[in-house]
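Chain by chain, the residues run as shown.
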Amino acid sequence: MRKIFQAIFALVLLLTVSLFAQNMCIELCTPCQNKKDQTCKKVEEHCQCAALLDSINAAQASKDAAFAESINKLSDELLQTCDETVCARNIAFENGIFKEIKQGPSPVSNETKQSLYETKFNNTQPEMSRIEPLPPMTEECTGFCGDCPVTDKMLKAKKPKFKDKFCKKIEQSCKCIDYAINKKQLAEQAKADSVAEFESKVQRIENAKLLAKQIQDQTTGDSVQAFTVIFANKEMVALDIQKAEIASKEKEQETVATIEEKMTDSAQTSDLQESSDKETSETAFSEQNQDKRVFHEVDPSSSFKREKTSKDESSYIGFSLAFEFPESKDFYGIWFHGAPKDYDFGIDLGFLFRTYFNKVVSFNLGFNAIYRLAEYNGEYLSIKFSTLMAEIPLGFRFGIPLGPLPVSPFISTSFHIRKPIYHWIDLENGHHYSWIDDSGDRAAAQEPGRRIDDSADGAAAIDEWEFVPLLGAGLEISRHFSFEFQWYLGSFCIHDGSFHDAYEYGSSWRLKFEAAF
């Protein structure tokens with residue numbers, strides 16, 4: 001044991017010395033880059049500076065690439081996440097890398113967001129005058145102006161005019177030069193609008209990257225962090241960025257309800273104080289933010305990771321109803337295999353518990369009550385019986401997801417453990433003894449030709465059990481409702497310490513309906 005402790009101590013000491021030496025080498029190698037004096041040669045000899053700095057640069061390059069990719073993803077999301085003038089979004093980061101953006105509850109009212117936008121972008125500036133087209137020219141003037149075309153040279157002059165006397169008279173009536181100038185100005189204006197629109201789109205994309213970098217620069221450390229960001233959609237400019245509180249998901253619904261209630265109160269208050277000055281409105285907004293700006297996200301073991309898997313891993317409780325149509329070989333020691341069946345029917349009703357491990361596999365557990373009624377009539381035997389049983393079904397389902405559709409076909413395999421509780425029987429038997437008749441001589445009862453008539457009922461013995469494996473196929477709707485057809489793969493029951501093959505394999509089946517929530 002002492003040697004083990006010595007080895008562990010030596011290993012820890014070696015790692016500590018190694019880390020210290022590496023940090024010291026980094027400090028020595030940095031000033032020796034691109035230098036070959038005697039001191040730097042000694043540093044290179046002991047620290048292998050080239051390899052060390054290359055590894056540091058490679059790690060830094062990988063980190064920079066991850067940050068750049070994070071900014072690109074966030075900027076793309078910001079460009080597509082909102083169609084309003086002012087948007088409020090909750091943005092989550094992990095280890096400084098963008099993870100998720102979602103709408104969530106807005107920390108401020110729409111009036112406050114509009115006030116922030118108007119403060120940032122002053123819309124009181126007069127718009128530049130637009131050139132409007134002149135009224136359509138008459139057909140007569142169109143023909144005359146075609147005979148007197150306005151040249152580019154004329155349009156470049158300060159005061160364009162015709163030299164021809166006829167065209168001068170036409171100009172007085174039809175204003176050919178004015179229409180030519182208006183046409184040229186409209187074309188230039190359309191070109192300028194097209195260029196401005198293109199530049200605006202390019203500028204919005206560039207601003208989105210700047211905004212994404214601005215938000216990402218707020219992150220610190222390696223933990224999960226979240227921010228509530230209010231930004232102008234068209235301009236892609238941040239109006240407000242606040243670090244959000246990371247809360248547990250259990251408190252999320254309560255806090256969201258509190259936020260919505262406060263927002264309602266805030267909206268009512270803002271309606272009553274509509275005449276207040278702008279400075280008071282901004283102060284109120286600042287006070288509201290202290291209470292409202294909460295983005296609910298949890299650490300890496302929960303939060304949005306759990307949200308992504310909550311639909312795959314979930315549990316349901318419900319009830320089941322089944323109709324059984326078996327074909328029996330015997331009934332607890334009374335052998336009547338081959339006798340024609342008049343009817344053999346069972347009703348199975350109970351509760352179920354189902355848990356989904358993923359989109360494909362689920363486990364089923366339940367507790368049911370079964371009432372079964374049957375009658376078989378043969379040449380030497382007539383038996384009518386019914387029984388009440390308790391059942392525990394165990395099984396697995398294997399679903400086949402159909403993309404976004406809520407319907408999913410599945411196959412299943414299950415094993416049912418049944419405990420008979422009470423029996424009712426009406427027996428007429430010429431060759432076999434009755435399992436209920438304990439007073440008679442069983443050896444005499446089996447004598448050929450002797451007929452036994454027995455009608456009785458009684459509680460099942462403690463050692464009586466049934467075990468039934470099943471194979472099924474069905475259809476599931478939204479994980480809440482399902483219909484299934486099942487076949488008996490085999491069966492056996494225990495009676496008087498011996499095993500019996502209770503049901504026919506191929507001709508025994510059941511229908512099952514389930515509802516779970």
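Located above this text is the structure these notes cover.
On a predicted model such as this, the values are computed, not experimentally measured, just so you know.

So what's going on with the sheet that holds strand S1 (residues 86-94)? Residues and values would help.
Taken in spatial order, the 4 strands line up as S2-S1-S3-S4 in an open sheet, and their pairing is antiparallel. The open sheet has two edge strands, strand S2 (97-102) and strand S4 (237-243), and neither has a second partner. Pairs of neighbouring strands in the sheet enclose a mean axial angle of 30°, with direction left out of account. Where strand S3 (residues 224-232) meets S4, 6 bridges bridge the pair, whose relative direction is antiparallel. Along S4, the bridge assignment pairs Ile230 with Asp240. Most of the contacts of helix H4 (residues 110-120) go to S4, to which it runs at about 130°, and overall it touches S1, S3 and S4. Each of S1, S2, S3 and S4 touches helix H8 (residues 176-216); the most contacted strand, S4, lies at about 15° to it.

Lay out the side chain of Asn368 with the relevant residues and their values.
With respect to the secondary-structure elements, Asn368 resides in strand S9 (residues 361-377). A relative accessible area of 5% means that Asn368 is categorised as buried. Of the polar contacts made by the side chain of Asn368, one reaches the side chain of Asp348; its length is 3.4 Å. Those residues in contact with Asn368, other than ones at most four positions away along the chain, are Ser320, Asp348, Leu349, Gly350, Phe351, Met389, Ala390, Glu391 and Pro393.

Can you explain a positive patch on the surface? Please cite residues and give values.
A surface patch of positive charge is lined by Lys153, Lys159, Lys161, Lys163, Lys165, Lys168 and Lys169. Looking at the positive patch element by element, the count peaks at 3 residues for helix H7 (residues 165-174). Inspection of the secondary structure assignment puts Lys169 in helix H7. On the accessibility criterion, Lys169 (60% relative accessible area) is exposed.

Give a detailed account of the environment of Glu94, specifying residues and quantitative values.
Looking at the secondary structure, you find Glu94 in strand S1. Looking at Glu94, the relative accessible area reads 15%, which means it is buried. Between the C-alpha atoms of Glu94 and Val224, which are 130 residues apart in sequence, the distance is 4.4 Å.

So what about the state of the cysteines? Which residues, and what values?
Here, the word disulfide means a covalent bond between the sulfur atoms of two cysteines. Under the counting rule described, the total for this entry stands at 4 disulfides. Between the sulfur of Cys82 and that of Cys87 lies a disulfide, 2.0 Å long from S to S. Residues Cys82 and Cys87 share a disulfide whose torsion about the S-S bond is about -85°; that sign makes it left-handed. Each member of the pair, Cys82 as well as Cys87, carries the same accessibility label: buried. Note that Cys148 is cross-linked by a disulfide to Cys167, the S-S spacing being 2.2 Å. Around the S-S axis, the bridge from Cys148 to Cys167 shows a dihedral of about -85° and counts as left-handed. On the criterion of sequence distance, the pair formed by Cys148 in the loop between helix H5 (139-147) and helix H6 (152-156) and Cys167 in helix H7 is long-range, its members being 19 residues apart. Judged by relative accessible area, which is 8%, Cys167 ranks as buried.

If you had to explain the packing of aromatic side chains to someone new, which residues and values would you point to?
Scanning all chains against the criterion turns up 20 aromatic pairs. Ring geometry for Phe325 versus Trp509: centroids 4.5 Å apart, planes at 25°, classification stacked. Here Trp509 lies in strand S17 (residues 509-516) and Phe325 lies in strand S5 (residues 314-325), a separation of 184 residues in the sequence. For Phe325, a relative accessible area of 26% corresponds to the partly exposed category. With relative accessibility at 28%, the residue Trp509 sits in the partly exposed group. Here Lys329 stacks its cationic end above the ring of Tyr505, 5.4 Å away from the centre of that ring. The ring of Phe410 has Arg397 lying over it, and the distance from NZ or CZ to the ring centre is 4.1 Å.

Run through the pairing of strand S13 (residues 465-477), naming residues and quoting values.
In this sheet, strand S15 (residues 492-495) lies alongside S13 in antiparallel orientation, the contact comprising 3 bridges. In the sheet register, Glu466 faces S15, and the bridge partner there is Cys493. In this sheet, strand S14 (residues 481-488) lies alongside S13 in antiparallel orientation, the contact comprising 8 bridges. Bridging from a neighbouring strand, Leu470 pairs with Tyr488 of S14. Hairpin connection from S13 to S14: 3 residues lie between these consecutive antiparallel strands, with Ser478 at a positive phi of about 55°.

Talk me through the environment of Cys141; I want residue IDs and the actual numbers.
Position of Cys141 relative to the elements: it lies in helix H5. With relative accessibility at 13%, the residue Cys141 sits in the buried group.

Rules used throughout
- Residues take numbers from 1 onward in each chain, read along the sequence in its written order.
- Reporting of local features is limited, given that this is a predicted model, to residues whose pLDDT is at least 70; pairs of side-chain atoms are given and counted only at 80 or more, and all residues count toward the totals for whole chains, interfaces and linings.
- Side-chain metrics in this entry use all non-hydrogen atoms of the structure; hydrogen atoms and water are not considered.
- Criterion used throughout: strands pair if DSSP finds at least two bridges between them.
- Each helix corresponds to a stretch of at least 4 residues labelled H or I by DSSP, and each strand to a stretch of at least 2 residues labelled E; elements are numbered beginning at the N terminus.
- In this description, a line fitted to the C-alpha atoms serves as the axis of each element, helices being fitted only across the stretch in contact, and the angle between N-to-C directions of two axes falls anywhere from 0 to 180 degrees.
- Between two residues, a contact is recorded if the distance between any of their heavy atoms is within 4.5 Å.
- When a residue's accessible area, from a 1.4 Å probe over protein chains only, is under 20% of the maximum for its type it is buried; when over 50% it is exposed; and in between it is partly exposed.
- Polar contact is defined as a pair of N or O atoms within 3.5 Å, subject to the rule that within protein one atom must be able to donate a hydrogen and the other to accept it, and that residues adjacent in sequence are counted only when both atoms are side-chain atoms.
- Think of a patch as exposed residues, more than 30% relative accessible area, with no salt bridge, where like charges cluster within 9 Å and nonpolar side chains (Val, Leu, Ile, Met, Phe, Trp, Tyr) cluster within 5 Å.
- Computed with the Shrake-Rupley method and a 1.4 Å probe, the accessible areas treat only the protein chains shown as cover for residues.
- Between Lys or Arg on one side and Asp or Glu on the other, a salt bridge is scored when a side-chain nitrogen of the former is within 4 Å of a carboxyl oxygen of the latter.
- Only four residue types enter the charge count, namely Lys and Arg as positive and Asp and Glu as negative; His and the chain termini do not.
- Every charge is mapped onto a representative atom, which is NZ of Lys, CZ of Arg, CG of Asp or CD of Glu.
- Note on disulfides: each one is a pair of cysteine sulfur atoms within 2.5 Å.
- When two rings of Phe, Tyr or Trp (its six-membered ring) have centres within 6.5 Å they constitute a pair, described as stacked for plane angles under 30 degrees, edge-to-face for angles over 60, and tilted for the intermediate range.
- The criterion for a charge sitting over a ring is simple: Lys NZ or Arg CZ within 6 Å of the ring centre, and within 35 degrees of the ring normal.

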